[in-house]
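What follows is the residue order along each chain.
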Amino acid sequence: MFSRRLCYVLAACLIVNGVSRADVDLPTGGKIRNVDFERHIMGLLSKVGCNAGSCHGSFQGKNGFRLSLFGYEPAMDFANLTRDNLGRRVNVVRPDESLLLLKATGATYHDGGMRFGKDGWVYNTFREWIKSGAKWDKGSGAIEKLEVSPADFALLAGAGSKQLVVTATFADGTKEDITPFCDFKISDDAIAHVSAFGLLTPRQPGDAGLTVLYRGSVKAIRVLVPSPAAPGAYPKVPEVNFIDTEVFAKLKMMNVAPSDLSSDEMFLRRVYIDTLAQLPPPEVVRAFLADTDPKKREKVIDQLLADPLHAAVWATKLSDITGNNTTALEQPNQTQPKRSQMWHDWLRKRVAENAPYDQTVRDILTATSRDGRTPEEWLAAVKKIDEQSAKGLRTDYPDKKTLDLFWRRQQQVPIEQWGEKVAAAFLGVRLECAQCHKHPTDRWTQEEYWAFANVFAQVTFVNNRFSAPDLKKLADAENAARRDAAPKANNNQILLVREMFVDPTGNRMRPNPATNSVPRPRTLGGPEIVVARGEDPRVKLAEWVTSPDNPFFARSFVNRVWAHYFGVGLVNPVDDFSLANPPTNARLLDALAQDFIKSGYDIRKLERTVLVSRTYQLSYAPNESNKFDKNNFSHAYVRPLMAEQVVDVLNAALGVEERFTGQEEAPLGTKMVELGSSRLNGSVAYALRIFGRPPRTTACDCERAMEPALPQTLFRMTDAAVLAKFTDRNGRVAQLAKAKMSDEELVNEAFLATLSRLPRAKEKADALEHLKTAKTRTEGITDLIWALVNTREFILNH
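Described in the following lines is the structure provided in the data block. Because the structure is a prediction, the values reported are computed rather than measured.

1. Observations concerning the sheet that holds strand β5 (residues 162-163)
Here's step 1: Strand order in the open sheet formed by three strands is β5-β10-β9, with antiparallel pairing between adjacent strands. The outermost strands of the open sheet, each flanked by one partner alone, are β5 and β9 (192-194).
Here's step 2: As judged from the three bridges shared by β9 and strand β10 (residues 199-202), these two strands associate in the antiparallel manner. Across the sheet, the residue bridging to A192 is P202, located in β10.

Here it is in structure tokens:
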């Protein structure tokens, strides 16, 4: 890596703009005929790493030398290179004595060491610019378009290399091959190697993303390295729907054959875990195996999608996406978990009713506390919900039209955080990097970041502030009555009436720190939001977000659904739709999005389309051609369970119900996926933490950890709460010990209850032998089930 100090020095030599008539030979065989400051010097500066990705340097600089990130402020950069430090960084009379060149070649000491050799192409490019007078013509390097050839994907067949060619179209209409000045990054260098000048060399079969960066412009393609073609014709694989058509078309291009269809047992276990976070009961497995109906898989899919627990699974996932963070909700502390439950139940009701996804999102983005009701109607509804919440887990809150809890936080949320949350949740876009500078790997600028943040400047949720005087009068009276009725020692833990609303007088619009001017509210990459006084800017935002023409909305959600059912998104991470992160199968992503839009944003139809596809129902067992496949869905991927699934699946296997400490209102039989709170107590809290349940504190999908870890294994083997479930008098071990079954029937039942399949011959023989030698029947059954729940097959979804 280049040291920051050397980078600044190098930058100084680079910030050239003159019109040099000397030719510079490039390593790719071409020539630079006019060494232009913005086109070549700033491009080369990014290439060597002086300003690309060096955010701190771009602001503070080092030893008095400061450059803008990605050369976005060429006027400032030019001045710093040619005028600052008494002009010593460039010497147009004796170019070789320019401090920029002396330090970069190691002729003069500096902290960064040597950056390039003397008389090389980099040196000569800088030198010719300085020699020509180190001039700059404003706007000469402004980029209109960046094109990469090949355009969509580079297919590296055989062992041959392929040279990428990057062409820039500049603001003056001229085009130029800028390949040597670009920075190339590949997502998986085990698949292919890319040289500094864009030469791609295959390494092993697979698929990787390749990003081309040039002075803040970004372009990405896929790099495909096919497997060696197998003898004979490519197998003809049945297709159920367009998902299979797109997946199998790419696999054929890669010389990869999909795996066989999964067995009935494998399919049933997978679809139960994915849709309900449960295991299929043994009797269900038996009935499914015995069923000869060719449509039985479709029937069970329809049955599971209509199950109440399916809505709970998606309410849990949507709680992650929308940031249902219990600790951040309004106080008092004891009511926070109940508000989280209301949030979860509101989402669950929409999924259960199969409400159109666009309508659900509009009802979140435009939410207010009143929902257009009169002050008297609103206060009566608030009092009723508070009374219900004090008595139990369920309230009438899910019947409320909009989800105002999304906006109700104890601490005031800065408007820029609202922008980040909304972009990540509903567009799959990460904006954080654009807060202080141009996003390094995406299109978003600092101006766009703050313009989007300013959409939320009127959102108001503040103590003792209400949308109307008559409403405030009613609320003040109710709050006074609640304070009078509360124990004096608990005066800080009183549940007060508060309102979330849009206040046109409470404008909190923020300036762009780079310009100190306040950007007008604007959608991301879309139109400006203009509203009359008293209108809610979020209404127009919601119209833009949910529009069929929105480039992110439908694609983002179908990608989340795909990732849930396959373990990895077509765009991965799922909340990182960016120029530098192309989908692994763009045609499939677009087809899913268009079908979702045409269906009226029908979530259940989308899920059914995915679940009935042959792609979803493939076996996890790889074949010779697809054993290295990680992102083309040629076989089912073995994947970890969500933390909530772990709790529910383990309880299902052991035949017990969870008792939720701190959620005493939850009746026995409540499943983990039915609870909304992100703050639980007791052993279940420990299980959720080690299996990666997110606290929901940020707008990033990365909060949910899915990596395996040693504490997860030790938990299943030795945790006291888990071991106690083996001895539960109503649990599976106790029930099997009392059952009038033969040993062989017991073994079959144990396997069906844990792995959702019958034992193989050797497994059955080993289990029967252990039951015969165990001291007691109960001990033998305990050992058998303990061994089964501690297998990888049990704890993974496949």
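This is not the end of the story, as more comes after the structure.
2. What to know about empty space enclosed by the protein
Here's step 1: Inspection of the entire model under this criterion finds nine cavities of 30 Å³ or more.
Here's step 2: What lines the largest cavity is a set of 17 residues, and nearest its centre among them are P205, G206, M254, F628 and D629.
Here's step 3: Class assignment for the residues of the lining of the largest cavity results in seven nonpolar, six polar and four charged.

3. Describing the pattern of salt bridges
Here's step 1: By the definition in use, this model includes 55 salt bridges.
Here's step 2: Between D404 and K400 there is a salt bridge, and its shortest N-O distance comes to 3.8 Å.
Here's step 3: On the basis of relative accessible area, D404 is assigned to the buried category, the value being 2%.
Here's step 4: Classification of K400 as buried rests on a relative accessible area of 9%.
Here's step 5: Note that E644 and R693 form a salt bridge whose closest N and O atoms lie 2.8 Å from each other. Of this pair, E644 sits in helix α22 (residues 643-654) while R693 is found in the loop between α23 (683-690) and α24 (710-718), placing the two residues 49 residues apart along the sequence.
Here's step 6: Residue E644 is classed as buried on the basis of its relative accessible area of 0%.
Here's step 7: Given a relative accessible area of 10%, R693 falls into the buried group.
Here's step 8: The network of salt bridges with shared partners includes E330, R339, D371, K400, D404 and R408.

Cut-off values and rules
- Residues numbered from 1 in each chain as written.
- Predicted model: local features only at pLDDT ≥ 70, side-chain atom pairs only at ≥ 80, totals over all residues.
- Heavy atoms only, no water.
- Pairing = 2+ DSSP bridges.
- Helix = DSSP H or I, 4+ residues; strand = E, 2+ residues; numbered from the N terminus.
- 1 Å grid on protein atoms, 1.4 Å probe; cavity = no way out; pocket = protein on both sides within 12 Å on 5 of 7 lines; lining within 4 Å.
- Points joined across faces, edges and corners; volume = space filled by probe spheres on them.
- Nonpolar A, V, L, I, M, F, W, Y, C, P; charged D, E, K, R; others polar.
- Salt bridge = Lys/Arg side-chain N within 4 Å of Asp/Glu carboxyl O.
- Buried < 20%, exposed > 50% of the residue type's maximum accessible area, 1.4 Å probe, protein only.

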